[in-house]
Amino acid sequence: MDLSHRFSRRELNLLYEEVLYTILHRQGKPEPTYVADADELYEYVQKAFSMDPEEHHVILQRVRDLEKPIFCLKVTVKQAKGILGKDVSGFSDPYCLLGIESKRQEPASDSSSHPENKKPLKAVVKDMIPEDQTHRTQVINQTLTPVWNETFILDLDMEESVRHKLGELTDLHGLKRMFKEARKDKGQDDFLGNLVLRLQDLHCRNDHWYNLEPRTETHPDRGQCHLQSLMTHKKRATSLSKTQPSYTVHRHLLQQMVLYEILQHQAGSTSWDGELSKHATTILYLHAAQKDLSDFHQVMAQWLAYSKLYQNLEFNCSCLLHQITSIEYQWIQERLRPEQKAELAESFQSLLAYGISLLQKYRSVFPLSSPTSTLRLQSLLRVLVQMCKMKAFQELCTLTPNLQQMVMEALKVQGVFPSFPLQTMEENGKALVRLLVEVNGDLERCYKTWNKFFTNTVKVDLFSIAYLELQELVSTCSSQLSEGGKYMRCPPALHVDGPLALTDFHQWFKEAIPKWLQKTYMIALERTQRAIQVDQLMPLGELNKHSTSTVDLSTCYAQIVKTWQQLDWPDPEEAFMIMVKFVEDMCKIALTYCKLIKTRAEELSSKQQDEGDAANRLCIVVNNVEQLRLLILKLPAQLDWGRLEQRMEGIVEPEQIQHTLHNQLQGTITCLDHEIRDVVQNLAKKLDVGISRHIQKLAASSDSKDPEDSIIPLMKFLESELQYMNQHLVQENFNCLELCFHAEGCGLPTDALHITSDSRNRRTLVSVLLLASQLEISSEKYGAVTIKALYRPSEQKLRIEVLNAVNLIPLDSNGSSDPFVQLTLEPRHEFPEVVARNTQCWKNELHPLFDEAFEFLVPPEKCQQDGACLLLTVFDYDKVGANDLEGEAFFPLSNVPGLTGDEEAADPARVSQTRLPLMHPKPTGDPLLKLLESRKGDKEAQAFVKLRKQRAKQSKESV
């Protein structure tokens, strides 16, 4: 009978009769781990067999009317140890007599039944039990640790008060001192020990070592005997016991209870873990004992029931591993009848076929969307592997193919992605793209999740199999298309014997690449033009002070970057040419944007005569171009130039890469810097009248007048005109100019550069005027220098790394320069003992790569003082005469990583680079210097003017 088949009503009634008979005629002292109450067991089986109360009572009454079974005790005498040596050799020749002692009165006191209180019984088996009811083991010669392993069946009469007496190990060669009335020539055996067990103290199944009791106190330590006992039935009166083998009946009973347990868990929306309830375990335990089923037959019944039910009901198959292990362990010891071997072999084949069918559909059967899918898949693979390793499987299923081969074949027949009918070229292209997106997603899941389970358990590389199958599918679907979407490349770790269907598949699209690139450029250009046409040059918000067109431009660039990433062209040389085209197009779009956005600002300003609105629009243009400049600077990382350069090793010279990619990008950055400077100059022209008017008022004011009263009108004017400029641009100029005033030791104190009004921090006349007259310094007109700065608190050292300088002004007659950088800590009166440091000089180089580090031993509090800064002065080395000035930059020290004592913040790998634009002092005649020079009583102002005139002179000579 197929275990997956539901029993008929008649079959259930016969099974129900069997289980009621088992409960009714249970034997032995109840086990603590099982259910002792018979009513609880009746209630459980009534539910498990879906019996209504009336049916239950009718069948139970019929069972009570049946003849009772013959109760038996199956005893196995295993071995003994520590027995007395009765022979002159010091050993004995022990054997064991055992039997049932009946009609003996029990002691009146209950306490006497306790093993510690009762007196040893002096009689021996041969004196108390008739010879025909006595069982005897073999004699083991000359040993004190005999091993018998002999089993006997003893019939029990449960209506009488009986004693189960297992006992007497005797010696065929006894000594007279043990039995003084016996003579050696009569051949009486010597007494070695005695053991009495009471039925009322025995469980249904027992396995213990028992102490042997002496007949006298002369030798109280007689050793121990190992006995196993099982209370069984003979001649059971149930119909199934008369007509079917015990093993088959037990298996059917197990099936019904397992089925009930699984359905109970499913009704409660929980997964069954393979553990039966206490009631089911009790009934199966009693039935197996009464039917005298071996452990092997019990576990085989469990295997047959569980493995069949797994194919019909969902539960965790890991519970099958226990049965697999038990069958494997006992297989050598057990021998089955031919029909049982056939049944076991059929169960192996059936589960194997079912498991393989699940693996063929693993994507749908074990979806990653379910949290338990991976565990279920892993459990199934482990069960299949362990089952196929069993000696029983290998002996019974000799013609079964190798499991690994079966799994590989099953995985190859996956038909997950259907092909699509031929339509228009565009529709086919879209369908191919959708197919490839799904295929790539599936391969990613194979690689990251499923593959490790198949590799670790059955040693099958699922990813390689899936790739080979899916690339064949993609090739079939794509072979009729001349242009389409993304292709698939063979992973480096995938080893195949022959060429793949998609080998050199990218060549199918080679002719279409120029059209794609041109179309990508035209779409981006058109979108940029439309974005500028509708741009009103108003800030997006308080924090984002650029306008809407930059958002569209950023989206266009992101789409181009994504196109490159998805294209992932396999041929390195062709990929390099595609990259050159992409960079060239994006640079052209950037320059076109600058031209169009300035035109758009002029167009909007021509319609309105308000000079303030025109200035605000120019501020937005500056912000937009600055935003575009940042986008361009991110392209090398977004387009992964480093990986491309690695692929190009040995194919394209590094100089060609530098010329075609890096120089092109740097040229665009330079053009954007010029565009920013031009717009700022236009902005300065628009502000010139207003600034001049305020400067004249300030110059005419007396020194006794409160500076704040004179500055506030100019501050309000500048705040109004520059309100739309990005704060970081304004702040850069303020910081650089403030450092310029405070540096070189004789600069103005930081406190003198600030005043407070209306609870806001405001700049003094010095900073305001310098901002108004030198806004173009952030455009890197004179080049820039890049550094990394950190402070090591454990060493109290300031570390400065001078990385490079770019776009320096050629100051030599050969059109180049010999630059080096001088580093000083300012103001000098705060760092009197710190000497200036110089980098190496680079010959004939406008973009020197210094990559030098310098350390200054200074306490952290000095660096944290207001106005403390690093002055970097770039000179052009001249053998004859003074060195020419390339430019100067100021770097504040107050926020250098590590100054607060955080060692992790001072990790060189975590410190970011800082790019500082080089500045030149204004030439003599600057109205600000004239204003400061007129303050004859201000020594600090006079010293500052002197130093700035010296640096201005150097600047004039250089420029």
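None of the values given here were measured: they were computed from a predicted structure.

Calculation criteria
Residues numbered from 1 in each chain as written. Predicted model: local features only at pLDDT ≥ 70, side-chain atom pairs only at ≥ 80, totals over all residues. Heavy atoms only, no water. Phe/Tyr/Trp six-rings, centres within 6.5 Å; stacked < 30°, edge-to-face > 60°. Helix = DSSP H or I, 4+ residues; strand = E, 2+ residues; numbered from the N terminus. Buried < 20%, exposed > 50% of the residue type's maximum accessible area, 1.4 Å probe, protein only. Expected span 1.5 Å × (residues − 1). Contact = heavy atoms within 4.5 Å. pLDDT = per-residue confidence, 0-100. Axes fitted to C-alpha atoms, helices over the stretch in contact; angles between N-to-C directions. Left-handed = near helix turned anticlockwise from the far one by under 90°. Pairing = 2+ DSSP bridges. Salt bridge = Lys/Arg side-chain N within 4 Å of Asp/Glu carboxyl O. Core = buried A, V, L, I, M, F, W, Y, C linked by side-chain atoms within 4.5 Å. Parallel < 35°, antiparallel > 145°, perpendicular 65-115°, else oblique. Nonpolar A, V, L, I, M, F, W, Y, C, P; charged D, E, K, R; others polar.

Visitor: I'd like a description of the packing of aromatic side chains, backed by residues and values.
Guide: Under the counting rule described, the total for this entry stands at 12 aromatic pairs. For the ring pair Tyr310 and Tyr354, a centre distance of 5.7 Å and an interplane angle of 90° mean the geometry is edge-to-face. Taken together, the positions of Tyr310 in helix 8 (residues 295-310) and Tyr354 in helix 10 (residues 338-360) put the pair 44 residues apart, joining distant regions of the chain. Overall, Tyr310 belongs to the buried group, its relative accessible area being 8%. Given a relative accessible area of 23%, Tyr354 falls into the partly exposed group.

Visitor: Break down helix 7 (residues 278-290) for me, citing the residues and quoting the values.
Guide: Here helix 7 spans 18 Å end to end across 13 residues, near enough to the 18 Å set by a 1.5 Å rise per residue. Taken across its 13 residues, helix 7 has 10 buried, putting it largely inside the fold. Residues of helix 7 that are buried include every one of Ala280, Thr282, Ile283, Leu284, Tyr285, Leu286, His287, Ala288, Ala289 and Gln290, and no others. Looking one or two residues past helix 7, Asp292 carries a phi angle of roughly 55°, positive in sign.

Visitor: Give me the environment of Leu156: which residues, what numbers.
Guide: Within the fold, Leu156 resides in the loop between strand 4 (147-155) and strand 5 (162-171). On the accessibility criterion, Leu156 (9% relative accessible area) is buried. Spatially, the C-alpha atoms of Leu156 and Ile70 are 7.5 Å apart, while their sequence positions differ by 86 residues. Sequence-distant contacts of Leu156, that is, excluding residues within four places in its chain, are made with Gln27, Phe71, Cys72, Leu73, Ile100 and Leu199.

Visitor: Residues and numbers for the confidence of the model for the protein chain, please.
Guide: Looking at the protein chain, pLDDT values average 78 and 74% of them are 70 or higher. pLDDT under 50 marks residues 1-5. Its contacts with residues more than four places away, or in other chains, come to 16 contacts. Counted against residues more than four places away or in other chains, residues 104-123, with its pLDDT under 50, gives 32 contacts.

Visitor: Just give me the short version of the packing of helix 8 against helix 9 (residues 320-330), but keep the residues and values in it.
Guide: At their nearest, the axes of helix 8 and helix 9 sit 9 Å apart, and the two run at 145° to each other. Along this stretch, helix 8 crosses helix 9, giving a crossing that reads as left-handed. Of the residues in helix 9, those touching helix 8 at Asp295, Phe296, Val299, Met300, Gln302, Trp303, Tyr306 and Ser307 are Leu320, His322, Gln323, Ile324, Ser326, Ile327 and Gln330.

Visitor: I'd like a rundown of the sheet that holds strand 8 (residues 205-211), residues and numbers included.
Guide: The strands making up a sheet are joined through hydrogen bonds of the backbone, oriented either antiparallel or parallel. The 4 strands are arranged 4-1-9-8 in an open sheet whose pairing can be described as antiparallel. Either end of the sheet is taken by a strand with one partner, and the two such strands are strand 4 and strand 8. Direction aside, neighbouring strands of the sheet carry axes that sit 20° apart on average. Examined bridge by bridge, strand 1 (residues 70-81) and strand 9 (residues 224-234) share 11 bridges and lie antiparallel to one another. Among the inter-strand pairings, Gln79 is bridged to a residue of strand 9, identified as His226. Running at roughly 95° to strand 9, helix 7 makes contact with strand 8 and strand 9 of the sheet.

Visitor: With reference to specific residues and values, describe the pattern of salt bridges.
Guide: On inspection of all chains with the given rule, the structure shows 24 salt bridges. Ionic pairing is found between Arg236 and Glu18, a salt bridge with its closest N-O pair at 2.9 Å. Of the two residues, Arg236 sits in the loop between strand 9 and helix 5 (239-243) while Glu18 sits in helix 1 (residues 9-24), which places them 218 residues apart along the sequence. Just as Arg236 is buried, Glu18 falls in that class too. In this structure, Arg629 and Asp673 form a salt bridge, with 3.0 Å as the shortest nitrogen-oxygen distance. On the criterion of sequence distance, the pair formed by Arg629 in helix 20 (residues 611-638) and Asp673 in helix 22 (residues 654-700) is long-range, its members being 44 residues apart.

Visitor: Break down the nonpolar core for me, with residues and values.
Guide: The tendency in soluble globular proteins is for nonpolar side chains to be buried side by side. Judged by nonpolar contacts, the single largest core of 96 residues is most densely connected at Val45, Phe49, Trp303 and Met387. Ranked by residues supplied to this core, first place goes to helix 8 with 10 residues. Among all residues touching Val45, those that are not within four sequence positions of it are Tyr16, Val19, Leu20, Ile23, Met257 and Ile283. Residues Leu537, Val561, Phe582 and Met648 belong to the second largest nonpolar core, which totals 57 residues.

Visitor: Quick rundown of unusual backbone geometry? Include the residues and the values.
Guide: Across the junction of Glu826 and Pro827, the peptide omega takes the value -5°, indicating a cis bond. Relative to the assigned elements, Pro827 resides in the loop between strand 14 (819-826) and strand 15 (837-838). A positive phi is found at Ser50, a non-glycine position, where the angle reads about 55°. Looking at the element boundaries, Ser50 is found in the loop between helix 2 (38-48) and helix 3 (53-65). For Lys235, which is not a glycine, the phi torsion comes out positive at approximately 60°. Its location among the elements puts Lys235 in the loop between strand 9 and helix 5.

Visitor: So, the packing of helix 1 against helix 3: which residues are in play, and what are the values?
Guide: At their nearest, the axes of helix 1 and helix 3 sit 9 Å apart, and the two run at 55° to each other. Accordingly, the angle class assigned to the pair helix 1 and helix 3 is oblique. In terms of crossing hand, the pair formed by helix 1 and helix 3 is right-handed. Counting all contacts with helix 1, which are made through Arg9, Asn13, Tyr16, Glu17, Leu20, Tyr21 and Leu24, the residues of helix 3 involved are Glu55, His56, Ile59, Leu60, Arg62, Val63 and Arg64. The residue makeup of the contact of helix 1 with helix 3, split by class, is 7 nonpolar, 2 polar and 5 charged.

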